[in-house]
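Coordinate inspection notes
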Amino acid sequence: MSQAPFARVALIGIGLIGSSLAHNIRAHRLADHIAITTRRAETLARAAELGLGDSYHLDAAEAVRGADLVILCVPVGSCGAVSKEIAAALEPGAIVSDVGSVKASVIQQMQPNLPAHVHFVPAHPIAGTEQSGPDAGFLELFENRWCILTPVEGTDPQAVERLRGFWEACGSDVEVMTAEHHDLVLAIVSHVPHLIAYNIVGTAADLETVTQSEVVKFSASGFRDFTRIAASDPTMWRDVFLHNREAVLEMLARFSEDLATLQRAIRWGDGDTLFELFTRTRAIRRGIVEAGQDTAAPDFGREHGRGPKDEA
């Protein structure tokens, strides 16, 4: 008998997250068979060239037949359509999950389409880079990163624990919470920072003609960090903001209020307010490094590795 936790894992979508999962499933022997499916024939062909799976399918329903774990690695706006496509082919007892950074919307889209004989356990690995496509994946992506599970009410606890074990085998720390709480937390730690990055890089692009290209020429490390974040996949992030609208708008309102306070402090020369804020934020940065969520190495260690992982 097989010693692998799963007989067949179906990965729907083979971008950064999907391909990194494929590397982990293979390296850690988490399944006997990896079935890969994606809509674009050229992407599927590239996944085959890289040897990411054991079978390759343009038909998602074909890929999930016989799978005891199915993971949707697609933009959150596509989850509803994909769940409809695969519903009739899902095996009784299969665990169905995803990797989206918005959870309440994914549940609303998918749950009505899934048969009662499967276990639906949404998930979100908080890991990534600005790269995309099957070539972007790598084994270490999930190491020492959080993966949040948001099982729907009534889910079999054993199914949740099996998925927890899967993500822990990929190197992740696992937390379980409600979808609504997840979406509020991710709005401030991921979604709004990405929106700010997109906005400031867009502003800089508009200023290029005014400054005669000096914005790019003299880019300091802060602006370079923004450009890295703003280089993330446009489709994925469009869907994130459209599907976590309420939480993002709530956090943006709070951010705007705090920004107005800073504007007043600068206008009136209130150095004490600025110093107090900068001291508090410096402590938060140190806490993140101490928690192992980043490195204090010069230039964030980018010269010696793949750099910080920053995705939804």
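Let me sum up the structure you'll find in this document. (Residues numbered from 1 in each chain as written. Predicted model: local features only at pLDDT ≥ 70, side-chain atom pairs only at ≥ 80, totals over all residues. Heavy atoms only, no water.)

Points about the overall build of the chain
Let me state the cut-off plainly: The way it works is that DSSP assigns letters per residue, a run of H or I at least four long becomes a helix, a run of E at least two long becomes a strand, and they are numbered from the N terminus. Burial classes follow relative accessibility: with a 1.4 Å probe on protein chains only, a residue under 20% of its type's maximum area counts as buried, one over 50% as exposed, and anything between as partly exposed. Using a 1.4 Å probe, the Shrake-Rupley method yields the accessible areas, and only the shown protein chains count as cover for residues.
Looking only at helices and strands, one finds twelve helices and nine strands in the chain. With 312 residues in all, the chain has 43% of them scored as buried. With the model as given, the accessible surface of the chain reaches about 16,000 Å², and the carbon-plus-sulfur share is 54%.

Some points on the sheet that holds strand β7 (residues 123-125)
Quick note on the threshold: In this scheme, strands are said to pair when DSSP sees at least two bridges between them. Here the axes come from fitting lines to C-alpha atoms, over the contacting stretch only for helices, and the angles between their N-to-C directions go from 0 to 180 degrees.
Ordered by their spatial adjacency, three strands build an open sheet running β7-β8-β9, and the pairing between neighbours is mixed. Each having just a single partner strand, β7 and β9 (173-176) make up the two edges of the open sheet. Within the sheet, the average angular offset between the axes of one strand and its neighbour, ignoring direction, is 20°. Across four bridges, the pairing between strand β8 (residues 146-149) and β9 is parallel. Across the sheet, the residue bridging to C147 is V174, located in β9.

A word on the sheet that holds strand β1 (residues 6-12)
Rules: Any two residues having at least one pair of non-hydrogen atoms within 4.5 Å are treated as being in contact.
In spatial order, the strands read β3-β2-β1-β4-β5-β6; together these six strands make up an open sheet with parallel pairing. Each edge of the sheet is formed by a strand with only one pairing partner; in this case those strands are β3 (55-57) and β6 (119-120). By the bridge criterion, two bridges tie strand β5 (residues 95-98) to β6 in an arrangement that is parallel. By the bridge assignment, I95 is partnered in β6 with H119. This element, helix α1 (residues 16-27), spans β1, β2 (31-37) and β4 (69-72) of the sheet and lies at about 165° to β1.

Digging into the pattern of salt bridges
Basically, it comes down to this: For this document, the term salt bridge refers to a Lys or Arg side-chain nitrogen within 4 Å of an Asp or Glu carboxyl oxygen.
Using the criterion set out here, one finds nine salt bridges in the structure. When the shortest N-O distance is used, the salt bridge between D98 and K103 registers 2.9 Å. According to the relative accessible area criterion, D98 is buried, its value standing at 0%. On the accessibility criterion, K103 (0% relative accessible area) is buried. As a salt-bridge pair, E161 and R164 come within 3.4 Å of each other at their nearest N and O atoms.

Let's talk about the environment of F223
Summarising the element assignment, F223 is placed in helix α9 (residues 221-230). Sequence-wise, F223 and I200 are 23 residues apart; in three dimensions their C-alpha atoms are separated by 8.5 Å.

Considering helix α4 (residues 79-86)
Turn by turn, an α-helix covers 3.6 residues, leaving residues three or four places apart pointing in a common direction. Heads up, the rule is: Within this analysis, the arc is defined by the directions that extend from the helix axis to the C-beta atoms.
Buried within α4 are the following residues: C79, G80, V82, S83 and I86. The arc enclosing the buried residues of α4, seen along the axis, measures out at 165°, which places them on a common side. Packing partners of the buried residues in α4 comprise β1, α3 (60-64), β4 and α5 (104-110).

Honestly, it's all geometry; don't read function into it.
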